[in-house]
Amino acid sequence: MKKRRILLLVNADLIPPDDLRGLSEDEIEACRTEYNVLSTLSNAGHEVRVLGMGDKIGELRRVVRDWRPEIAFNLLEEFSGIVTYDHYVVALLELMRQPYTGCNPRGMMLSRDKVLTKQILAYHRIPTPRFHLFPWGKAWREPRGLEFPLFVKSATDDASLGISQASIVHDPERLRERVQFIHEQAQSDALAEQYIEGRELYVGVMGNERLTAFPVWELDFGKLSDVQAGIATRKVKWDPAYQRRHGIRTGPAGDLPEAQVARITQLARRVYRALHMSGYARMDMRLKADGSVFVLEANANPNLTYGEDFAESGDVAGISYEQLLNRIVQLGLNYQPEWRLFE
């Protein structure tokens, strides 16, 4: 691939060091994604400059104007401390006619809004759990038409924030308690959806017009499945010591008939297109014992850490980590936003 000038956009508190030696395990984990991307792109010969974004819109404009990067590699997870504001930065990049990696603003906005995502999926007859929204700051109203157990989470936060075994509720009293917890802790709307018992599957998708689906991936809850419901809590997803202790791992989903794999990957592509996504994404699904599949979430710009689900599933598909990042860069360069109609 041609060597590029790449502006790496990261959260202000996640600027990667030049070297990981001397850092604690927690310090390394905090910035591992940013370090992996920076070091891999640099070793591939690209000229990479890092910009830590707090609320530095002016600094972003200055760097784009003066340095003229060929592409901005977007690793932002929020802007100005607000998770749902990251797509505004991407929209600004479009206004500045600056190519960028990852999902476009519309796809980010739609997929970040879990309620809107479900409404769009329902319109396209894509199976997703039935749900009820509890707006933050509004009086309690008991939902109708939903069967327990229910799974309660924030309608906007991701990375399993606020999710624990207590997120599964079996009666109206526990439902009200958990909704109140989400309102108070996350300060966001709470979403209650019907809990789907089954296997947790992930499917990575890459592309703008032509889409590539990665091998179906599975979260194996290990010994936890003997004593707890299988849900992806924050510890399950992000605590290596906890994962080792309970035998939690992820890997290719085994024992799936070819026809079912084809249906699952086709479903992932349908979700990607329905939400107007581009670049790369990961679809979270549940597979019930009867073979039915439900889409839980669509994640724009999923975790790119070397060795994590998205990169590992790409590796199984024959795409090395360096090739993966280069493909993401090329997809960003090839993406056709409206401003390119006027070039």
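Residues numbered from 1 in each chain as written. Predicted model: local features only at pLDDT ≥ 70, side-chain atom pairs only at ≥ 80, totals over all residues. Heavy atoms only, no water.

With that settled, consider the sheet that holds strand β6 (residues 168-169). As summarised here, the arrangement of the 4 strands in space is β4-β7-β5-β6, forming an open sheet in which the pairing is antiparallel. Edge positions in the open sheet fall to β4 (131-134) and β6, since each of these has one partner strand only. Summarising the sheet, strand β5 (residues 150-154) and β6 pair through 2 bridges and their orientation is antiparallel. Paired with leucine 150 across the two strands is valine 169, which belongs to β6. (Pairing = 2+ DSSP bridges. Helix = DSSP H or I, 4+ residues; strand = E, 2+ residues; numbered from the N terminus.)

Tracing the chain through its elements places glutamate 322 in helix α12 (residues 321-334). Considered as a pair, glutamate 322 and valine 37 are 285 residues apart in the sequence and their alpha carbons are 8.8 Å apart.

It is possible for side chains of opposite charge to pair when their charged atoms get near one another. Within this structure, the stated rule accounts for 16 salt bridges. Here arginine 112 and aspartate 86 are joined by a salt bridge, their closest N and O atoms 2.5 Å apart. You can see arginine 112 sitting in helix α5 (residues 105-112) and its partner aspartate 86 sitting in helix α4 (residues 86-95), a full 26 residues away along the chain. Where arginine 199 meets glutamate 218, a salt bridge forms, and the shortest distance between an N and an O atom there is 2.7 Å. Here arginine 199 is found in strand β8 (residues 199-207), whereas its partner glutamate 218 is found in strand β10 (residues 217-220), with 19 residues between them in sequence. Among the residues examined, glutamate 218 registers a relative accessible area of 15% and is labelled buried. One connected set of salt bridges, linked through shared partners, spans Glu59, Arg62, Arg65 and Asp66. (Salt bridge = Lys/Arg side-chain N within 4 Å of Asp/Glu carboxyl O. Buried < 20%, exposed > 50% of the residue type's maximum accessible area, 1.4 Å probe, protein only.)

If you look at the biggest cluster of nonpolar residues, it comprises 47 residues, and the most contacted ones within it are Leu9, Leu60, Met277, Met283 and Met285. Residue contributions to this core peak at 6 residues, all from helix α10 (residues 258-274). Leaving out residues up to four positions away in the same chain, methionine 277 has contacts with Cys103, Asn104, Gly107, Ser111, Tyr272, Met283, Ala298, Asn299 and Ala300. Judged by nonpolar contacts, the second largest core, of 23 residues, contains Val10, Ile319, Tyr321 and Ile328. (Core = buried A, V, L, I, M, F, W, Y, C linked by side-chain atoms within 4.5 Å. Contact = heavy atoms within 4.5 Å.)

What follows deals with α5. Most of α5 is tucked away: 6 of the 8 residues are buried. For α5, every residue scored as buried is listed here: Pro105, Gly107, Met108, Leu110, Ser111 and Arg112. The elements touched by buried residues of α5 are β3 (71-74), α4, α6 (114-123) and β13 (293-300). Between a side-chain oxygen at the N-terminus of α5 and the backbone nitrogen of arginine 106 the separation is 3.0 Å; the capping residue is asparagine 104. (Polar contact = N/O pair within 3.5 Å; in protein donor to acceptor, adjacent residues only side chain to side chain.)

Before going further, it helps to examine the packing of α5 against α6. Running from N to C, α5 and α6 point in directions that differ by 95°, and their axes come no closer than 5 Å. The angle between the axes of α5 and α6 places the two elements in the roughly perpendicular class. Here α5 contributes Met109, Leu110, Ser111 and Arg112 to the contact with α6, which in turn contributes Lys114, Leu116, Thr117 and Ile120. (Axes fitted to C-alpha atoms, helices over the stretch in contact; angles between N-to-C directions. Parallel < 35°, antiparallel > 145°, perpendicular 65-115°, else oblique.)

Here glutamine 98 lies in the loop between α4 and α5. A polar atom in the side chain of glutamine 98 sits 3.3 Å from the backbone oxygen of proline 69. Ignoring anything within four residues of it in the chain, the contact list for glutamine 98 reads Val64, Pro69, Glu70, Ile71, Ala72, Leu93 and Trp339.

Note that all results are geometric; they support no functional claim without further evidence.
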